[in-house]
Amino acid sequence: MHIPNYAYAMIRSALPTVPLSRQVGALDCCLCDKPFENRPPVPLGPTPESGLFGCHPCLTRLVARARRARDAALTQDAERARTESATWLPVRERHLGRLDSARQAAEAVAGLARDGDTEPLQVAWLLVPLESAYASVPEAPEPPTSAEREDSELRDEAFRLDLAMITAREAVAERLAYHLINEAQPEEPEMCEELECLEGCSGRHDSSHIDCGPDAVFEDLAKRGITVEQPEPEPLSPRLAALLGRTEAEERDSLLPDIEEQSPVVLAHFGIDADDTDALVSAAAVGLVVDAWREGPLDVIHAADDGPSDGEIFAQSIDLYRRARAALVAAREDGPEMLLAFVAVASDLDLPWAGGSRFTLRAMSESVAEFVQHVDDRVWFTAEVMREQGWRAGLLHRATSAVFKVPTHFGMPGWPGAVASAMDRLAVLDMSGAPEALTDLAAVEAALVEAPGQLGADALDWVSRQALLG
């Protein structure tokens, strides 16, 4: 006879405390004390051969009673769970509502502190009631025993509120700190005309973008008797360390001597008039991308199993050419520091590459640090040439590099001829496995001439595999 697990407790409670010898000897039922006679005894343990024995009718009756007791308990538990849930859910929702309202208020205060349209004193007053609202949010209510003890939504919403409060406090503190600094500044109405201030300006001008450098805070604290150990500076690359170790006279003499005399002759040989500023900037942009981005560590990244394809590198180089060109143009008026805009994109670890690629440098495990340093070093050198010898000298240097290394790259005078040759070869190729973007040859030619990146990384990868552009 099968005895379900839920019936064992009921059966044990019905067993005699001191069994008789006939019950132990499997002659009488230990539950009804009647002889088994022709009824088969059911062993109740501790082993099938020894212990107590019961008859089928008694055990059947006890199992049925246990089943009714179990079902009644389950019904009671379910009813209690429903009652507790009906009480708990509104409490939970109210608490989530308090958390959400306080978080939205904190985000709004942070936004007002940053936008600059709200007066600093009003921003400060907004923080006071915000802190009151935050303090009034009670501790998370305890769920009933029938509910899950770990409520991730309650925990996550409380964490989001804490983060929003930190952001709001930082924004208000920053706004008030610079407000106090600006209020302490003397009035300088003579600067209003230069700065094109609106009518009614107080004569005090915003200082919210002061950058004192990374070491200033340690020096200021030291003056007040507080010593904080400064972090070690990043080591310079060997090339930069050697260059910076030279005297100023040596540096000026050694950067690019005679570039103004020699480079125009070289460029003219490759069809570039050094007096044509637009052509010179284009060639210099190509040279900057090749020297600072394409050469060196990128080859190791390209060769890795998870590295970018030829098409992804092609598409990204086109995008970076346009950014390099814009940075070089800006550097003419605003100084070599404008080249940092190119560095920021070229060495961005999290930026997906152009042409619809999903590749990012962050995904690579090797050579990324060397790659970033390489980009920074090469662009730094161009900026130094511009500072020492002028904007045009920096262009001549990178343009000369471009004509020797990639005379037929996009942006160079040889590019239209390279595209024409590629289209002649493309016209006779089997295009059955080519991407759809290469179906219309007239559109492909127009895209290659004006904006190859529009074809997408996959199409450019196919073109690269065919070696159509050299």
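Quick look at a nonpolar patch on the surface
Residues Leu121, Trp125 and Val128 make up a contiguous nonpolar surface patch of roughly 360 Å² in combined accessible area. Position of Trp125 relative to the elements: it lies in helix α4 (residues 120-136). Take Trp125: its relative accessible area is 59%, and that puts it in the exposed class.

Quick word on the pattern of salt bridges
Oppositely charged side chains can form a pair if their charged atoms are brought close together. Taken as a whole and assessed by the stated rule, the structure comprises 23 salt bridges. For the salt bridge of Asp350 with Arg362, the shortest nitrogen-to-oxygen distance reads 2.9 Å. With a gap of twelve residues between them, Asp350 in the loop between α14 (340-346) and α15 (368-389) and Arg362 in the loop between α14 and α15 connect regions that are remote in the sequence. When its relative accessible area of 46% is taken as the criterion, Asp350 is described as partly exposed. Here the salt bridges share partners, and the residues they tie into one network are Asp291, Glu295, Arg378, Arg398 and Lys405.

Section: the pairing of strand β1 (residues 42-46)
In this structure, β1 lies alongside strand β2 (residues 51-54), joined through three bridges in antiparallel fashion. When the bridges of β2 are listed, Pro43 appears paired with Phe53. Taking the residues that link successive antiparallel strands as the turn, the β1-β2 hairpin has four residues.

Let's talk about unusual backbone geometry
Going from Gly45 to Pro46, the amide bond is cis rather than trans, its omega being 15°. Residue position: Pro46 is located in strand β1. The residue Asp33 is not glycine, and still its phi comes out positive at about 60°.

So, the packing of aromatic side chains
Overall, the coordinates contain six aromatic pairs when judged by the stated rule. Ring geometry for Phe270 and Phe404: centres 5.7 Å apart, planes at 70°, overall edge-to-face. Taken together, the residues Phe270 in the loop between α10 (259-269) and α11 (277-294) and Phe404 in helix α16 (residues 391-405) connect sequence positions 134 residues apart. For Phe404, a relative accessible area of 56% translates into the label exposed. Here the aromatic rings of Trp353 and Phe359 are separated by 4.7 Å at their centres, their planes lie at 75°, and the arrangement is edge-to-face. Both residues of the pair, Trp353 and Phe359, count as buried.

Some details on helix α17 (residues 415-426)
Side chains of residues three or four places apart in an α-helix project in the same direction, reflecting 3.6 residues per turn. Along its twelve residues, α17 runs 16 Å from first to last C-alpha, staying within 8% of the 16 Å computed at 1.5 Å per residue. Turning to α17, its buried residues are Trp415, Ala418, Val419, Ala422, Met423 and Leu426. The buried side chains of α17 occupy one side of the element, clustering within an arc of 135° when seen end-on.

Points about a positive patch on the surface
On the surface, a cluster of positive charge is contributed by Arg61, Arg65, Arg67 and Arg68. Mapping Arg68 onto the fold places it in helix α3 (residues 56-115). A relative accessible area of 54% means that Arg68 is categorised as exposed.

Parameters and conventions
- Residues numbered from 1 in each chain as written.
- Predicted model: local features only at pLDDT ≥ 70, side-chain atom pairs only at ≥ 80, totals over all residues.
- Heavy atoms only, no water.
- Patch = residues over 30% accessible without salt bridge, like charges linked within 9 Å, V, L, I, M, F, W, Y side chains within 5 Å.
- Areas by Shrake-Rupley, 256 points an atom, 1.4 Å probe, with all protein chains shown as cover.
- Salt bridge = Lys/Arg side-chain N within 4 Å of Asp/Glu carboxyl O.
- Helix = DSSP H or I, 4+ residues; strand = E, 2+ residues; numbered from the N terminus.
- Buried < 20%, exposed > 50% of the residue type's maximum accessible area, 1.4 Å probe, protein only.
- Pairing = 2+ DSSP bridges.
- Phe/Tyr/Trp six-rings, centres within 6.5 Å; stacked < 30°, edge-to-face > 60°.
- Expected span 1.5 Å × (residues − 1).
- Arc of directions from axis to C-beta.
- Lys, Arg positive; Asp, Glu negative; His and termini not counted.
- Charge placed at Lys NZ, Arg CZ, Asp CG, Glu CD.

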